[in-house]
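# Coordinates in review
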Amino acid sequence: MDDALRSAPLFRELDDEAAAALRDSMDEVRVTRGQVLFREGDAGDRVYVVIEGKVKLGRTAPDGRENLLAVLGPGQMFGELSLFDPGPRSATATAVTDSMLLGLGHEDLLPLLTGRPEVARGLLLQIAQRLRRSNEAMADLVFADVPGRVAKALLDLSQRFGAASRDGIRVSHDLTQEELAQLVGASRETVNKALADFVHRGWIRLEQRSVVLLDLDRLRRRAR
Ligand code: CMP
């Protein structure tokens, strides 16, 4: 079975047989770059696990501005809030790159939660981690400046999409500068200025839809 799937919160605690059975009950969904999987406010009836590619979760303000809550990669799951707290989708899910996902109907997930406490624990762990991240992001919006938040976003993206390269860690985020700004929660101009400053200091190198982190220590200190 695919490594991304085996590491997903739904699957991590299952034995091979149970994992294979669950995999068989899920359907494959393929989306192309920019395609919307569901919108904030829609009725929700499925959870998704990313197998290949990247998906962004975003919210739109009444004036049309957008904010990104997260960019998810292989092994990560979304779409469970509308199950645990019945109500509309809390965010819009859009493919950042061509992606393959597996979907599972909420009605098929519920018996797993009651019959297999280890699955429930895996999901609780994910929700708890997300709450920690959200608390931190909220504190950063209040206490940290934009360059600090940019440094943190780059380090965070590197954990999911980073790979060692000759002179640093190449983070293939596939985000436009606008999307990066939406993730940081600042204007594109301010975020670009921070990135240009990091380039000037030799901490990063910008490439098309990716960034190479050259000086992790400095970036970490800036992110604190
Ligand atoms: P749901 O509300 O069904 O649809 C949108 C999904 O986005 C939601 O379930 C969660 O799975 C996911 N989501 C919402 N908020 C966050 C967040 N702060 N970080 C990561 N994922 C989130």
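None of the values given here were measured: they were computed from a predicted structure.

Taken together, the neighbourhood of the ligand is formed by 14 residues, with Gly79, Glu80, Ser82, Arg89 and Ser90 sitting nearest. Side-chain polar atom of Glu80 to an oxygen atom of the ligand: 2.9 Å apart, as the coordinates give it. Considering the ligand on its own, with 460 Å² of exposed area, one finds that the protein chains cover 93% of that surface. Residue assignment for the shell around the ligand shows that the elements contributing at least two residues are β5 (66-72), α3 (81-84) and α5 (117-143).

What follows concerns the packing of helix α6 (residues 146-161) against helix α7 (residues 177-184). Where α6 contacts α7, the axes come no closer than 9 Å and their chain directions differ by 105°. On the basis of the axis angle, α6 is roughly perpendicular to α7. Contacts between α6 and α7 involve Val146, Arg149, Val150, Ala153 and Leu157 from the first element and Leu180, Leu183 and Val184 from the second. Tallied by class, the residues present in the contact of α6 with α7 amount to 7 nonpolar, no polar and 1 charged.

Ala18, Ala19 and Leu22 are the residues of helix α2 (residues 16-24) that are buried. All buried residues of α2 lie within an arc of 100° about the axis, which places them on one face of the element. Set apart from the buried face of α2 by more than 90 degrees, the exposed residues are Asp16, Glu17 and Asp24. The inward-facing, buried residues of α2 abut α1 (3-6), β8 (99-105) and α4 (106-115).

In this structure, Val150, Leu154, Phe198, Ile204, Leu213 and Leu219 are the most contacted members of the largest nonpolar core, which totals 26 residues. Looking at this core, the elements that each hand over two or more residues are β5, α6, α7, α8 (188-201), β12 (210-213) and α9 (216-223). Counting residues per element, this core draws most heavily on α6, which supplies 8 residues. Here this core gathers at least three residues from each of two domains, domain 1 (3-141) and domain 2 (145-223). Setting aside residues no more than four positions away along its own chain, Ile204 makes contact with Leu154, Leu195, Phe198, Val199, Val211, Val212, Leu213, Leu214 and Leu219. By size, the runner-up hydrophobic cluster in this structure holds 22 residues, among which are Phe11, Ala19, Leu22 and Leu112.

This part is about a nonpolar patch on the surface. A surface patch of nonpolar side chains, amounting to about 380 Å² of accessible area, comprises Leu141, Val142 and Phe143. You can see Phe143 is positioned in helix α5. Judged by its relative accessible area of 74%, Phe143 falls in the exposed class.

What follows deals with the pairing of strand β9 (residues 162-165). In terms of strand pairing, β9 meets strand β10 (residues 168-171) through 4 bridges, oriented antiparallel. In the strand pairing of β10, Ala164 is matched with Ile169. Hairpin connection from β9 to β10: 2 residues lie between these consecutive antiparallel strands.

One non-glycine residue, Asp174, lies in the positive phi region at around 60°. Topologically, Asp174 is positioned in the loop between β10 and α7. By relative accessible area, which is 22% here, Asp174 ends up partly exposed. At Arg209, a position not held by glycine, the phi torsion is positive, near 55°. Tracing the backbone shows Arg209 in the loop between β11 (204-207) and β12. For Arg209, a relative accessible area of 31% corresponds to the partly exposed category.

With respect to the helices, strands and loops of the structure, Ala194 is situated in helix α8. For Ala194 and Glu178, which are 16 residues apart along the polypeptide, the C-alpha to C-alpha distance reads 14 Å. When near neighbours in sequence (up to four residues on either side) are disregarded, Ala194 contacts Pro147 and Val150.

Quick look at the domain arrangement of the protein chain now. We note that the domain assignment places domain 1 (3-141) and domain 2 (145-223) within the protein chain. Regarding the contact of domain 1 and domain 2, the summed buried area is about 1400 Å², with carbon and sulfur atoms giving 50% of it. Residue Lys56 is joined to Glu179 by a salt bridge in which the shortest nitrogen-to-oxygen separation is 2.8 Å. Seen at the junction of domain 1 and domain 2, the total is 9 residue pairs in polar contact (both at pLDDT 80 or more).

Rules and cut-offs
- Residues numbered from 1 in each chain as written.
- Predicted model: local features only at pLDDT ≥ 70, side-chain atom pairs only at ≥ 80, totals over all residues.
- Heavy atoms only, no water.
- Near = heavy atom within 4 Å.
- Polar contact = N/O pair within 3.5 Å; in protein donor to acceptor, adjacent residues only side chain to side chain.
- Areas by Shrake-Rupley, 256 points an atom, 1.4 Å probe, with all protein chains shown as cover.
- Helix = DSSP H or I, 4+ residues; strand = E, 2+ residues; numbered from the N terminus.
- Axes fitted to C-alpha atoms, helices over the stretch in contact; angles between N-to-C directions.
- Parallel < 35°, antiparallel > 145°, perpendicular 65-115°, else oblique.
- Contact = heavy atoms within 4.5 Å.
- Nonpolar A, V, L, I, M, F, W, Y, C, P; charged D, E, K, R; others polar.
- Buried < 20%, exposed > 50% of the residue type's maximum accessible area, 1.4 Å probe, protein only.
- Arc of directions from axis to C-beta.
- Core = buried A, V, L, I, M, F, W, Y, C linked by side-chain atoms within 4.5 Å.
- Domains from an automatic or database assignment.
- Patch = residues over 30% accessible without salt bridge, like charges linked within 9 Å, V, L, I, M, F, W, Y side chains within 5 Å.
- Salt bridge = Lys/Arg side-chain N within 4 Å of Asp/Glu carboxyl O.
- Pairing = 2+ DSSP bridges.
- Buried area = accessible area lost by both parts, 1.4 Å probe.

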